[in-house]
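The primary structure of each chain is shown beneath.
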Amino acid sequence: MKKIRIGHIGIAHDHAAPVLKCVLSYPELFEFIGWAEENPANYAKKIVTDPFYDTLPRKSAQELIDARPDAMLIEGYELDNLEMALLCVQNGIHIHMDKPAGADLPLFGRVLEEAKKHGVCVHMGYMYRYNHAVRYALDRIKDGTLGEIFQVDAFMDTCHDPEKREWMRDFPGGDMFYLGCHMVDFVYMMMGKAPQAVHPFNRRSHIDGTDVVDQGCAVMDYGTSVCTVRAGSTQVNGFGRRQLVICGTKGTIEIKPLEIKTAGTDMLKTKLFLCTKEMTGGEAYDNFFREIEIEPMKGRYDDMMLEFAAIVHGEIENPYSYEYEYELQRLVLEACGER
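Criteria and thresholds
Residues numbered from 1 in each chain as written. Predicted model: local features only at pLDDT ≥ 70, side-chain atom pairs only at ≥ 80, totals over all residues. Heavy atoms only, no water. Core = buried A, V, L, I, M, F, W, Y, C linked by side-chain atoms within 4.5 Å. Buried < 20%, exposed > 50% of the residue type's maximum accessible area, 1.4 Å probe, protein only. Helix = DSSP H or I, 4+ residues; strand = E, 2+ residues; numbered from the N terminus. Lys, Arg positive; Asp, Glu negative; His and termini not counted. Salt bridge = Lys/Arg side-chain N within 4 Å of Asp/Glu carboxyl O. Contact = heavy atoms within 4.5 Å. Expected span 1.5 Å × (residues − 1). Polar contact = N/O pair within 3.5 Å; in protein donor to acceptor, adjacent residues only side chain to side chain. Pairing = 2+ DSSP bridges. Axes fitted to C-alpha atoms, helices over the stretch in contact; angles between N-to-C directions.

**Section: the nonpolar core**
The biggest cluster of nonpolar side chains holds 111 residues, and the ones touching the most others in it are Ile 95 and Leu 244. Counting residues per element, this core draws most heavily on helix H9 (residues 180–191), at nine residues.

**Considering the side chain of Glu 75**
By the element assignment, Glu 75 lies in the loop between strand S3 (71–74) and helix H4 (81–90). This buried residue, Glu 75, is left without a salt bridge; Lys 99 holds the nearest opposite charge, at 6.7 Å. Discounting residues that sit within four places of it in the chain, Glu 75 has contacts with His 8, Ile 9, Gly 10, Ile 11, Ala 12, His 13, His 15, Ala 16, Val 19, Asn 81, His 96 and Asp 98.

**So, helix H5 (residues 105–118)**
Along its 14 residues, H5 runs 20 Å from first to last C-alpha, staying within 8% of the 20 Å computed at 1.5 Å per residue. All buried positions along H5 are accounted for by Leu 105, Leu 107, Phe 108, Gly 109, Val 111, Leu 112, Glu 114 and Ala 115. Those residues of H5 that are buried are in contact with H4, strand S4 (94–97), strand S5 (122–124) and helix H12 (322–335). Where H5 begins, the capping side chain belongs to Asp 104, and its oxygen is found 3.0 Å from the backbone nitrogen of Leu 107. Looking one or two residues past H5, Gly 119 carries a phi angle of roughly 70 degrees, positive in sign.

**A short note on the sheet that holds S4**
If you trace the five strands from one edge of the open sheet to the other, you get S2-S1-S3-S4-S5, paired in parallel fashion. The open sheet has two edge strands, strand S2 (30–36) and S5, and neither has a second partner. Across this sheet, the average inter-strand angle for adjacent strands is 20 degrees, counted without regard to direction. Pairing of S4 with S5, which is carried by three bridges, proceeds in the parallel orientation. Within the sheet, the bridge partner assigned to Met 97 lies in S5 and is Met 124. On top of the sheet, helix H11 (residues 302–312) reaches strand S1 (4–9), S2, S3, S4 and S5; it is set at about 165 degrees to S4, its chief contact.

**Examining the pattern of salt bridges**
Summed over all chains, the structure comprises 19 salt bridges. Note that Lys 2 is salt-bridged to Asp 70, the shortest N-O span being 3.2 Å. In this pair, Lys 2 sits in the segment before S1 while Asp 70 sits in the loop between helix H3 (61–66) and S3, placing the two residues 68 residues apart along the sequence. By relative accessible area, Asp 70 is classed as partly exposed at 24%. We note a salt bridge from Asp 50 to Lys 46, for which the minimum N-O separation is 3.8 Å. The exposure class assigned to Lys 46 is buried, which follows from its relative accessible area of 9%.

Here it is in C-alpha cells:
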C-alpha cells in the first residue's frame, strides 16, 4: 500500500509531539516530510520539552503545502489553527487537526465547506473517541443494551499549576474550551442529537491568586432531561476522577477513570462498570454494577491515527461528518458562554 506523505504544521498544542511520535512509529503507513512552526515564541517554548523536533526536517508552512503531501497534522496553538487548516484543505490535503476547532465558528465552517468541496477529510483530535471503554459504551448504545439514552454526565478534571491556568486566559470559557470540549463531544455523541439549549456556569476559583476561568460547568437541556459537563483545573487527583456516566432506560454505564497509565509502558487501561435492569432483579436499593474487562490500549493516539490513515487511503469514511464536527464546535462554544 502506498505510504501517506504527511507533514506537521504547528507544534504548540499539548498533543503535538505525542501525535507526531505516534505517526512516526508507523513508518509502514506514513512518510514524514517535515514540520513547521512559524512563531518563534512557540518554537522556543516547545523545543525545551520536546527537543526531538530538532532531529527532524524543519521547513516553512508554505514549503510543506507546496510539497503537496497527502495529509497534514495541524497541531498549533488552539486559537491559531484554522487559517492554516483552510490553506491545506483548499490545496486538497487531508488534515488531522487538534481540538477544539478554534474560537471562530464561521471560519471553521468555511474550512469544512472547502474540505467537502475538495473531497478531503477534517479529522479532529478527540482522542477519547477511541478509548476502548468509550467504544464499548457506544456499542452498547447501538445494540440497544442500554435502551433509550436520556442522561449523560461527563467530568474532565486536572490539577494544573498556576502557570498552566494562566496560559488558558485567552480561551473563551477557559477550561471548558481547553478540556470540556471532550465532554461536550461525549454528550452530543451519546445522546445522538443536539440539546435544546446550553447553559454555561463557568467560574474563576482564584486559587493560588490566579484570575482565569478554571472551573467549567455546563448544563445541556434536552427538554425531558438534562446532561452535565464539567472541566476543572484545581481538583486534587483530577486526572484520576475523570469519568463518564451514561444512563439509559434499560441500563447504566460508568467509566471511571477514563484512563489509567500502565507503569513502564505506553499502554492505557480504564475501568468500566455496567448495570442492566436484569442484573438488579427489580431491587432498587443496592449497587449492582458489574466491572467489564476492557482491553488495554496500545497508546493514547494509536487507534485515532490508524483510523486517519484508513480514511486517507479511502478504506473507510470518516465516522464524524462535516456536519457533526460543525455542530459539536457550536455546542462547545455555547458551553464556553459564546453565543
